[in-house]
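Per-entry structural report
These are the residues of each chain, in order.
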Amino acid sequence: MLENIRLAFRGIWSHKMRSFLTMLGIIIGIASIISIASTIQGTNEQIKQNLIGAGNNNVDVRLYQGESEYWMDNGLPDNISVISDEQKEQIRSLEGVESATFYNRRGYADGITYRNTSLDSGSVYGVDAEFLKTKGYVIQNGRDFVERDFKEFRKVVLLDDVAVQTLFPGDNPVGKTIELRGEPFTVVGCIRKSDAFEPVINSLEDYYTYNQNTNGIVLIPDSTWPVVYNYDEPEEVSVMASETDLMSSVGKKVEDIMNQAVTGQIGSGMIDSEEEMMDGAGSSGADSGNVSYKAADLLKTVKNLQKVSENTNKQLLWIASISLLVGGIGVMNIMLVSVTERTSEIGLKKAIGARKNRILWQFLTEAAVLTSIGGVLGVIAGVILSQVISKMSQTPVAISVPVSVLAVVFSMAIGIIFGLLPSIKAANLNPIDALRHE
């Protein structure tokens, strides 16, 4: 085998230009496939980054009525019990859950003021001690909530950058007092995201997904939530998955546990009569006939978008593969020429006892080496082309080592497949006729 490889390199080197032109189809085909595959992988990672963010792997499980988030200002839903400590412990101990936080929330809250300035459409959260860690926030100024804040029902508050800039432009808010629906709360700290993440907003749906993070966030201890809003409200939960790919499965498990606190859903506790509907209309709570907890499955959205992207780009891969077919035909052509040129040599080898297999493997090895070199050069060209495409079109790329290795192996396979016919022709030459060949 080593002797065959040495002879293959010697033959390629002795016809450098012809060999390069033969490899050119393979080089172009492999380079095209590498650049397209890199663009696909880079685009998929960019889609994931745009939607999921800086890698905190958060899954939010919230109360929904039908397909829309339940609007808590409509009143407390009937038959929705408070999440028990046992259920919270179940969620925290789930495989794949790194941490979990339970909180109350009001999006687009009103009544957040400091003197004559108000924070319109801000979000108010009643949080536990795990909120900052799970949601990926850090203290920028001041301090975090401490245990006594929760136990002693202290009216203290944390503000994010947007809330600070709106209520205290150019001023340090720590120690100052704001009002939440008429209740005074002292600012003890300012928070920010631990990782800088700017979501890409491409649609109205993207806007609604992220607008709660752009309109200002106000955090208060969950123990003081009833002071501002209602008692015994159903909580939401946000869990941090240990891996991005576990977000969907973790979200589904948490959703199932949370829904243990829901009774009276469609199919189990559906209102059976018009009379019951009238009774429900007169009650203080809202109808929960179709109210349940649902996980905001961003990973599923990511995979759907990636699938669309991949389906489009796979068509380009097939087109690029045509050049490999052309390259393979070129290899077959040049090997047939080589067999013709070396007919006398083949006849001499057979005359001194060389078997068919030896001749066959010599030419197959030469074809495989030729296309393997073309594959390696194609990978290098593909990497360079990927970077050029990235710079020119601002498209992200991600070079896949397994794809690169597979491309070289595939190019070698092309050499063996398309070199088989010329090799068989060489092996089957009659030694007498071959020696007579001019």
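What you see is a predicted model; the values in this text were computed from it and never measured.

1. Focus on the overall build of the protein chain
Looking only at helices and strands, the protein chain has 15 helices and 13 strands in total. Split into buried and exposed, the 438 residues of the protein chain put 44% on the buried side. Sequence-distant contacts in the protein chain: of pairs separated by 6 or more residues, those separated by 24 or more amount to 82%.

2. Topic: the packing of aromatic side chains
Evaluation of the coordinates by the stated rule reveals 7 aromatic pairs. Ring geometry for Y114 versus F168: centroids 4.3 Å apart, planes at 45 degrees, classification tilted. In this pair, Y114 is assigned in strand β4 (residues 112-114) and F168 in the loop between α6 (161-167) and β9 (177-180), connecting sequence segments 54 residues apart. Just as Y114 is buried, F168 falls in that class too. Its end group placed over the ring of F102, K88 keeps NZ or CZ at 5.2 Å from the ring centre.

3. Thoughts on unusual backbone geometry
In this model, Y108 sits at a positive phi of 55 degrees, which is unusual for a non-glycine residue. Along the chain, Y108 turns up in strand β3 (residues 97-109). You can call Y108 partly exposed: its relative accessible area is 40%. Non-glycine residue R115 carries a positive phi angle of around 55 degrees. We classify R115 as exposed; its relative accessible area is 71%.

4. Focus: the environment of I112
The topology assignment puts I112 in strand β4. Given a relative accessible area of 1%, I112 falls into the buried group. With residues up to four places along the chain from it excluded, the contact list for I112 reads T117, S118, L119, V124, L167, E179, L180 and V218.

5. So, the pairing of strand β11 (residues 217-221)
The buried count for β11 comes to 5 of 5 residues, which makes it a mostly enclosed element. Here β11 shows a buried face lined by I217, L219 and P221 and a second buried face lined by V218 and I220. Pairing of strand β6 (residues 122-127) with β11 involves 5 bridges; the strand directions are parallel. Of the residues in β11, the one forming a bridge with V124 is V218.

6. A closer look at the pattern of salt bridges
Applying the stated criterion across every chain, the model contains 17 salt bridges. Here K252 and D256 are joined by a salt bridge, their closest N and O atoms 2.8 Å apart. In this pair, K252 and D256 both sit in helix α9 (residues 247-258), 4 residues apart, roughly one turn of the helix. Taking relative accessible area as the criterion, D256 reaches 38% and is therefore assigned partly exposed. Residues joined in a network through salt bridges with shared partners are D60, R62, E69, R105, K135 and E236.

7. Considering the environment of L132
In this structure, L132 sits in helix α4 (residues 131-135). In this structure the C-alpha to C-alpha distance between L132 and I191, which are 59 residues apart in sequence, comes to 8.5 Å. Excluding anything up to four places from it in sequence, L132 contacts Y137, I139, D144, L158, I191 and L219.

8. Some words on the side chain of S372
Position of S372 relative to the elements: it lies in helix α13 (residues 356-393). By relative accessible area, which is 13% here, S372 ends up buried. Apart from the residues within four sequence positions on either side, S372 is in contact with V408, S411 and M412.

9. Describing the nonpolar core
In this structure, I91, F102, V237, V239, V254, M258 and Y293 are the most contacted members of the largest nonpolar core, which totals 24 residues. Of all the secondary structure elements, the ones that give two or more residues to this core are β1 (58-65), β3, β12 (236-241), α9 and β13 (291-295). Among the elements that line this core, the one with the most residues is α9, at 5 residues. Excluding residues that lie within four positions of it along the chain, V237 makes contacts with V59, D60, V61, T101, F102, Y103, V254 and M258.

10. Some details on the environment of V254
The residue V254 is located in helix α9 in this model. Put simply, V254 and V97 are 157 residues apart on the chain and 9.5 Å apart in space, counted from C-alpha to C-alpha. If we skip the residues at most four places from it in the chain, V254 touches V61, I91, L94, V237 and V239.

11. Comments concerning α13
Residues three or four positions apart in an α-helix share a direction because the helix packs 3.6 residues into each turn. With 38 residues, α13 should cover 56 Å at 1.5 Å per step; its first-to-last C-alpha distance of 53 Å lies within 8% of that length. Once α13 ends, the next one or two residues include Q394, with phi positive near 60 degrees.

12. What to know about the packing of helix α3 (residues 85-92) against α9
Where α3 contacts α9, the axes come no closer than 10 Å and their chain directions differ by 170 degrees. Comparing the axis directions of α3 and α9 gives the class roughly antiparallel. Within the contact between the two elements, α3 uses Q87, Q90 and I91 and α9 uses V254, I257 and M258. Partitioning the contact of α3 with α9 into residue classes produces 4 nonpolar, 2 polar and no charged.

Rules of the game
Residues numbered from 1 in each chain as written. Predicted model: local features only at pLDDT ≥ 70, side-chain atom pairs only at ≥ 80, totals over all residues. Heavy atoms only, no water. Helix = DSSP H or I, 4+ residues; strand = E, 2+ residues; numbered from the N terminus. Buried < 20%, exposed > 50% of the residue type's maximum accessible area, 1.4 Å probe, protein only. Contact = heavy atoms within 4.5 Å. Phe/Tyr/Trp six-rings, centres within 6.5 Å; stacked < 30°, edge-to-face > 60°. Lys NZ or Arg CZ within 6 Å of the ring centre and 35° of its normal. Pairing = 2+ DSSP bridges. Salt bridge = Lys/Arg side-chain N within 4 Å of Asp/Glu carboxyl O. Core = buried A, V, L, I, M, F, W, Y, C linked by side-chain atoms within 4.5 Å. Expected span 1.5 Å × (residues − 1). Axes fitted to C-alpha atoms, helices over the stretch in contact; angles between N-to-C directions. Parallel < 35°, antiparallel > 145°, perpendicular 65-115°, else oblique. Nonpolar A, V, L, I, M, F, W, Y, C, P; charged D, E, K, R; others polar.

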